[in-house]
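Residues per chain, in single letters:
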Amino acid sequence: MILTTTRLKQGDEAQCCKFSDALLSPSSVYGGLFAPKDLPKISSKFFKKERSYEEFALKVIEKFSFDLDINSFKKAIKRYRNFDDENSPIKIKKISKNLYINELFHGPTRAFKDMALQPFGKILDELAKDRFEKYLIMCATSGDTGPATLNTFEKSKNVKVVCLYPIDGTSEVQRLQMVTSKGKNLKVIGIKGNFDDAQRALKTLLNDEDFKEQLLKENLNLSAANSVNFGRILFQILYHLYVYAYLLFSKKIKDDESIDIIVPSGNFGNALGAYYAKKMGAKIGMIKIASNSNNILTEFFNTGVYDLRNKKLIKTMSPAMDILISSNVERLLFDKFGSVRTKELMDSLNKNKFYELSKDELKELQNDFMADFCTDEECAKFIKECAKDSNLIDPHTATCFKMVQKDKINVITSTAQWVKFTPSMIKAIKNENIIDEKKQMIKLAKEFDAKIPKSILTLFDDKINHSDVVDQSEIKNTIIKWIKS
Ligand SMILES: *Cc1c(COP(=O)(O)O)cnc(C)c1O
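- Looking at an unreviewed UniProt entry, one finds the protein chain named Threonine synthase, with Campylobacter sputorum subsp. sputorum as its source organism.
- One UniProt comment on the protein chain, placed under Sequence similarities (unreviewed entry), says "Belongs to the threonine synthase family."
- Under the heading Cofactor (unreviewed entry), UniProt records this for the protein chain: "pyridoxal 5'-phosphate".

Next up, the structure:
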């Protein structure tokens, strides 16, 4: 399969790109991204056969006919054996009639980012080694991409990582996961600003020729681990396909039944994975986009206007979704309306801070998507309700519950484990404040007979290895200085 660019001018020739090249160098012309032109189709017979996650994933990846050897993927997927259950990286739980939860947080950093970044890290590391190249991987994080990227490259000899996080934008556990990371190849930089500022800084650096030149002098190529990288999206298609297959082969749904998938969304990578899964043949009815009070996606899917004017980022209890510039929507626009129209819309967003779809275009999106949002109060209410049924649901996952429809089969995509957000959990369930996070986390876990991973408990006593906090204007120099040291 070949990837192609999301932005083109009328008359331009389409730019094609191999999977491995897009992985190593994810930006495309006119500031666009790479996206698949066609996706392989999966038959209902294939879905109905019972398979382990690993086997299923490899068989699906084979269908893409990427330019990489299937053995590279095999080695990459093996990383899932380090998750809680070596036989399956995900857990699918039935909560009530017609309601399932697809838990994607059983990896090393306790958020769904591990689902993609663990195999992605292995593939990228091997690619770099095979090509005798060294890479600097940059990531901007709203809380979970950072820890997952640092973890996946922790032992790499071919890859250095710089992680930018907004100092007031993450939970304490997320911050500790980053600033305590070991490994001389890792650099964590706090920036004054929010996630959109971090992501903007990242995009600017990716296109900064002087920066790239300076890195090349140190024998480093530049790439990014955010979901602007298609290499991540691939692994985020698989679990949506698998949840459908699982429900089918375990006879929880009938052949002709479809499922709705509810996704807590920020940068739209996870939801995009569900959309691609639907296109590949999984019987998915609606993909429901859940947001917090930063509800720009709710507005977009309901009105067709993506509008940044007069919007300010609000801090909520689901920080990984505190995003206004949702990068992967671009891939959806490209898939539905083509690269010329996508460039037009994205240019309008850059220039006028908004774009507007036509009525027909909006209708086209609404065939696949619905969207709604939860305020923090609503979120807290759902956390408390779930706790009454002995389920500890993290604040991101909680935004999904508003969109459950009783007469449909609903799959809620659970993106993080509650342990990353103890203060919000305690507030929602007990209406108490945090005095000692570790103690209160342990107490809550005992009460619910829940497990806390050791890696989270030890964080509170680990040494802080990264204390840099810089202005946005200093990011570039800070990185160069570190590279040269
Ligand atoms: C990253 C993240 C999201 C948002 O996912 P996108 O793919 O960016 O839409 C939601 N919840 C959690 C816990 C996350 O870490």
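1. Comments concerning the overall build of the protein chain
- Scanning the protein chain from terminus to terminus reveals 20 helices and 16 strands.
- Expected size for 485 residues packed as a compact globule is a radius of gyration near 23 Å; at 21 Å, the protein chain falls within 12% of this value.
- For the protein chain, the C-alpha atoms occupy an extent of roughly 60 × 55 × 50 Å along the three principal directions.
- Taken over 485 residues, the protein chain has a buried fraction of 60%.
- Looking at the protein chain as shown, the accessible area adds up to about 20,100 Å², and 47% of this sits on carbon and sulfur atoms.

2. A few points about the sheet that holds strand β9 (residues 221-224)
- Taken in spatial order, the five strands line up as β9-β6-β7-β8-β16 in an open sheet, and their pairing is parallel. Where the open sheet ends on each side, the last strands, each with one partner, are β9 and β16 (469-470).
- Seen against the sheet, helix α7 (residues 172-179) touches β7 (159-166) and β8 (186-191) and runs at an angle of roughly 150° to β7.
- Packed on one face of the sheet, helix α9 (residues 209-217) meets β6 (135-140) and β9 and runs near 125° to β9.

3. Regarding empty space enclosed by the protein
- Enumeration according to the criterion identifies one cavity of 30 Å³ or more in this entry.
- Lining the largest cavity we find 24 residues, and of these Phe-112, Lys-113, Gly-266, Asn-267 and Ala-320 sit closest to its centre.
- Elements with a contribution of two residues or more to the lining of the largest cavity: α10 (230-249) and α11 (269-280).
- For the lining of the largest cavity, the residue count by class is eight nonpolar, 13 polar and three charged.
- Residues from two domains meet in the lining of the largest cavity; each of domain 1 (87-106 + 231-417) and domain 2 (135-219 + 453-484) gives at least three.

4. Structural notes on the site of the ligand
- Around the ligand lies a shell of 15 residues, among which Lys-113, Asp-144, Gly-266, Asn-267 and Phe-268 are the nearest.
- Measuring from an oxygen atom of the ligand, one finds a backbone N or O atom of Asn-267 at 2.8 Å.
- The side chain of Thr-415 places a nitrogen or oxygen atom 2.9 Å from a nitrogen atom of the ligand.
- Burial of the ligand by the protein chains amounts to 97% of its free accessible area of 380 Å².
- Among the cavities detected, the one that contains the ligand is the largest cavity.

5. Focus: the nonpolar core
- If you look at the biggest cluster of nonpolar residues, it comprises 142 residues, and the most contacted ones within it are Phe-73, Phe-235, Leu-241, Ile-259, Phe-268, Phe-301 and Tyr-355.
- The leading source of residues in this core is α10, at 15 residues.
- Not counting the four nearest positions on each side in its chain, Tyr-355 is found in contact with Phe-300, Gly-304, Val-305, Tyr-306, Val-329, Leu-333, Leu-345, Met-346, Ser-348 and Leu-349.
- In terms of nonpolar packing, the next biggest core, distinct from the first, is built from 27 residues, Val-162, Ala-224, Ile-480 and Trp-482 among them.

6. Re the layout of surface pockets
- What the largest pocket holds in volume is close to 800 Å³.
- Surrounding the largest pocket, 33 residues form its lining, Arg-200, Lys-203, Ile-325, Leu-349 and Asn-350 being those nearest its centre.
- At the level of elements, α8 (195-206) and α13 (329-352) are the ones that each hand at least two residues to the lining of the largest pocket.
- Here the residues of the lining of the largest pocket are counted per class, giving 14 nonpolar, ten polar and nine charged.
- Two domains each put at least three residues into the lining of the largest pocket: domain 1 (87-106 + 231-417) and domain 2 (135-219 + 453-484).

Cut-off values and rules
Residues numbered from 1 in each chain as written. Predicted model: local features only at pLDDT ≥ 70, side-chain atom pairs only at ≥ 80, totals over all residues. Heavy atoms only, no water. UniProt positions renumbered as here; feature names shortened; annotations may be inferred. Helix = DSSP H or I, 4+ residues; strand = E, 2+ residues; numbered from the N terminus. Rg over C-alpha atoms; globule rule 2.2 N^0.38 Å. Buried < 20%, exposed > 50% of the residue type's maximum accessible area, 1.4 Å probe, protein only. Areas by Shrake-Rupley, 256 points an atom, 1.4 Å probe, with all protein chains shown as cover. Pairing = 2+ DSSP bridges. Contact = heavy atoms within 4.5 Å. Axes fitted to C-alpha atoms, helices over the stretch in contact; angles between N-to-C directions. 1 Å grid on protein atoms, 1.4 Å probe; cavity = no way out; pocket = protein on both sides within 12 Å on 5 of 7 lines; lining within 4 Å. Points joined across faces, edges and corners; volume = space filled by probe spheres on them. Nonpolar A, V, L, I, M, F, W, Y, C, P; charged D, E, K, R; others polar. Domains from an automatic or database assignment. Near = heavy atom within 4 Å. Polar contact = N/O pair within 3.5 Å; in protein donor to acceptor, adjacent residues only side chain to side chain. Sits in = over half its atoms within 2 Å of the grid points. Core = buried A, V, L, I, M, F, W, Y, C linked by side-chain atoms within 4.5 Å.

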